[in-house]
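The primary structure of each chain is shown beneath.
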Amino acid sequence: MRLIGVVIATSLCLTTAAAAAEGPNDAQIAAIVVTANQVDIDAGKLAASRSHTKDVKEFAERMIVDHTGVNKSAVELVTKLKVTPQDNPTSQSLKSGGEQNLRNLKGLEGAAFDKAYVDHEVAYHEQVLDAMDKVLIPSAKNAELKALLVKVRPAFVAHLEHAKRIQAPLAGKS
Amino acid sequence: MLCFRATVRPLLIALATASTLGLPPGDGWAAATASPRSTTHTVVIDSLRFDPQVLRVKAGDTIVWVNHDPFPHTVTAEGKSFDSHEIAPGRSWKYTARKAGEFAYACVLHPTMKATLRVE
């Protein structure tokens, strides 16, 4: 589990570092934002249906609702700005990391599933926050896109705290 | 005169229809009908924060919480003396504070969101 978290974290670090050197454009940032949210919605849907733990199910439901809301805002904004999200190494890395996470989670059940899902959520939100602070917010050119990123940042902080809060009781259960 | 009637009548009908349908009155209407001493206060919910963090009101005042975030929040007092339940994005919730006291409240969906209502 720990290894998977590290692999995901490393791949995201490398690609965000590469993106920082060049600086993603607004169309690429849009793709990163939409993909980041979608990946977490998909993991949340799996956890909401598979977990039997109240705290984990509630967390998963929150991820689905909040990230769906953020994506709706992001899509509305890029549509208004006439920006077409453009795939890039960071969005592709997020997507493949998300798929890998789902494959891994689908092979697990019970306490092992809960722990793997929540551990991944902690690592994932830490990485997304890091990318927001170091790459996405500084690189965003359009003022409204930058404002949206700044506006939704506290949601990622709250999700990270929430994930950490439910992570502790799950440790050592699997 | 005929011209005057023709323009006024549809307006009267529209007003009558609005009142019989029980459409929610706007803020202006509420202000006009409320007791002269009560005031309406607004708390904005934005970026997972209640603003202002501490609101002081008089008993009888109304507080409107407006959700500017793209996901739902709640306004839930400790001990549940008031609870909005989910306020959808872009929607608001109104509460008239009757009882004096200090009420700590939070969003049950995002417990890091905390604020205080002081009713004097």
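This one's a predicted model, so the numbers in the text were calculated from it and none came from an experiment.

*Asks:* Mind showing me how you'd approach the overall build of chain A here?
*Replies:* Along the backbone of chain A there are six helices and zero strands. For chain A, the sequential pattern of α-helices and β-strands runs α-α-α-α-α-α. Counting across all 174 residues of chain A, residues that qualify as buried make up 40%. For chain A, the share of sequence-separated contacts (at least 6 apart) that also reach a separation of at least 24 residues comes to 83%.

*Asks:* Where do I start with the sheet that holds strand β4 (residues 62-67) of chain B in this structure?
*Replies:* Consider a sheet: its strands pair through backbone hydrogen bonds, and that pairing is either parallel or antiparallel. All names here are of chain B. In space, the four strands of this open sheet follow the order β2-β1-β4-β6, with mixed pairing throughout. For this open sheet the edge positions go to β2 (49-51) and β6 (92-96), each flanked by a neighbour on one side alone. For this sheet the average axis-to-axis angle between neighbouring strands, irrespective of direction, equals 20 degrees. One ladder, built from three bridges, connects strand β1 (residues 40-46) with β2; its direction is antiparallel. Across the sheet, Ile45 pairs through a bridge with Phe50, a residue of β2.

*Asks:* Help me out: how do you make sense of the sheet that holds strand β7 (residues 101-106) of chain B in this one?
*Replies:* Across the sheet, which stays open at both edges, the four strands sit in the order β3-β8-β7-β5 (chain B) with mixed pairing between neighbours. Each edge of the open sheet carries a strand with a single partner, namely β3 (54-57) and β5 (76-77) of chain B.

*Asks:* How do you make sense of the interface of chain B and chain A when you look at a structure like this?
*Replies:* When the parts of a complex come together, some accessible area is lost, and that lost area is often taken as the interface size. In this complex, chain B contributes 10 residues to the contact, which on the side of chain A involves 12 residues. Here the residues of the side of chain B that touches chain A are counted per class, giving six nonpolar, three polar and one charged.

*Asks:* I keep staring at helix α6 (residues 143-170) of chain A and nothing clicks. Help me out?
*Replies:* Because the α-helix completes a turn every 3.6 residues, residues three or four places apart line up on one side. Residues and elements named next belong to chain A. Here α6 spans 41 Å end to end across 28 residues, near enough to the 40 Å set by a 1.5 Å rise per residue. At Val152, α6 shows its strongest bend, of approximately 30 degrees, with the proline Pro154 following within four residues. Among all positions in α6, only Leu145, Leu148, Leu149, Val152, Ala155, Phe156, Ala158, His159, His162 and Ala163 are buried. Where α6 is buried, its residues meet α2 (26-50), α3 (54-80) and α5 (110-139). Gly172 lies just past α6 and shows a positive phi near 80 degrees.

*Asks:* Any chance you could explain the nonpolar core here in plain terms?
*Replies:* The biggest cluster of nonpolar side chains holds 55 residues, and the ones touching the most others in it are A:Ile29, A:Ile32, A:Tyr117, A:Leu136, A:Leu149 and B:Trp65. Counting residues per element, the ones that place at least two in this core are α2, α3, α4 (89-106), α5 and α6 of chain A together with β1, β4 and β8 (114-119) of chain B. Here this core gets 11 residues from one element, more than from any other, and that element is α5(A). In contact with A:Tyr117, not counting residues within four places along its chain, are A:Ala43, A:Ala47, A:Ser51, A:Val56 and A:Leu105.

*Asks:* Which parts of the structure should I look at to understand the packing of α4(A) against α5(A)?
*Replies:* Working note: a packed helix pair is described by the angle between its axes plus the distance between those axes. Residue and element names in this part refer to chain A. Where α4 contacts α5, the axes come no closer than 9 Å and their chain directions differ by 165 degrees. Looking at the two axes, α4 sits roughly antiparallel to α5. Taken as a pair, α4 and α5 cross one another with a handedness that is right-handed. Packed against α4, whose contacting residues are Asn101, Asn104 and Leu105, the element α5 presents Phe113, Ala116, Tyr117 and His120 at the interface.

*Asks:* Would you explain the confidence of the model for chain B in this entry?
*Replies:* Reading predicted coordinates in detail is not appropriate for stretches of low pLDDT. Residue and element names in this part refer to chain B. With 70% of its residues at a pLDDT of at least 70, chain B reaches an overall mean of 81. Taken as a whole, residues 1-32 scores under 50 in pLDDT and shows five contacts with residues more than four places along the chain or in a different chain. With pTM at 0.80, the complex prediction returns an ipTM value of 0.84.

*Asks:* Please clarify how unusual backbone geometry should be interpreted in this entry.
*Replies:* With glycine set apart, most residues show a phi of negative sign, and most peptide bonds adopt trans. Residue and element names in this part refer to chain B. Note the cis peptide between Asp51 and Pro52, where omega equals 5 degrees. Following the sequence through the fold, Pro52 ends up in the loop between β2 and β3. Positive phi outside glycine occurs at Leu48, with the angle close to 55 degrees. For Leu48, a count of 23 C-beta atoms within 10 Å corresponds to the buried category.

*Asks:* Looking at this structure, how should I read the packing of α3(A) against α6(A)?
*Replies:* Residue and element names in this part refer to chain A. Taken N-terminus to C-terminus, the directions of α3 and α6 make an angle of 175 degrees; their axes are 11 Å apart at the nearest point. Considered as vectors, α3 and α6 are oriented roughly antiparallel to each other. Within the contact between the two elements, α3 uses Asp55, Val56, Phe59, Arg62, Met63, Asp66, Val70, Ser73, Ala74 and Leu77 and α6 uses Glu144, Leu145, Leu148, Val152, Ala155, His159, His162, Ala163 and Ile166. Tallied by class, residues from the contact of α3 with α6 come to 12 nonpolar, three polar and four charged.

Basis of the calculations
- Residues numbered from 1 in each chain as written.
- Chains lettered and ligands numbered in written order.
- Predicted model: local features only at pLDDT ≥ 70, side-chain atom pairs only at ≥ 80, totals over all residues.
- Helix = DSSP H or I, 4+ residues; strand = E, 2+ residues; numbered from the N terminus.
- Buried ≥ 20, exposed ≤ 12 C-beta atoms within 10 Å, placed from the backbone.
- Contact = placed C-beta atoms within 7 Å.
- Pairing = 2+ DSSP bridges.
- Axes fitted to C-alpha atoms, helices over the stretch in contact; angles between N-to-C directions.
- Nonpolar A, V, L, I, M, F, W, Y, C, P; charged D, E, K, R; others polar.
- Expected span 1.5 Å × (residues − 1).
- Bend = angle between axes of the 7 residues up to and from the residue.
- Core = buried A, V, L, I, M, F, W, Y, C linked by C-beta atoms within 7 Å.
- Parallel < 35°, antiparallel > 145°, perpendicular 65-115°, else oblique.
- Left-handed = near helix turned anticlockwise from the far one by under 90°.
- pLDDT = per-residue confidence, 0-100.

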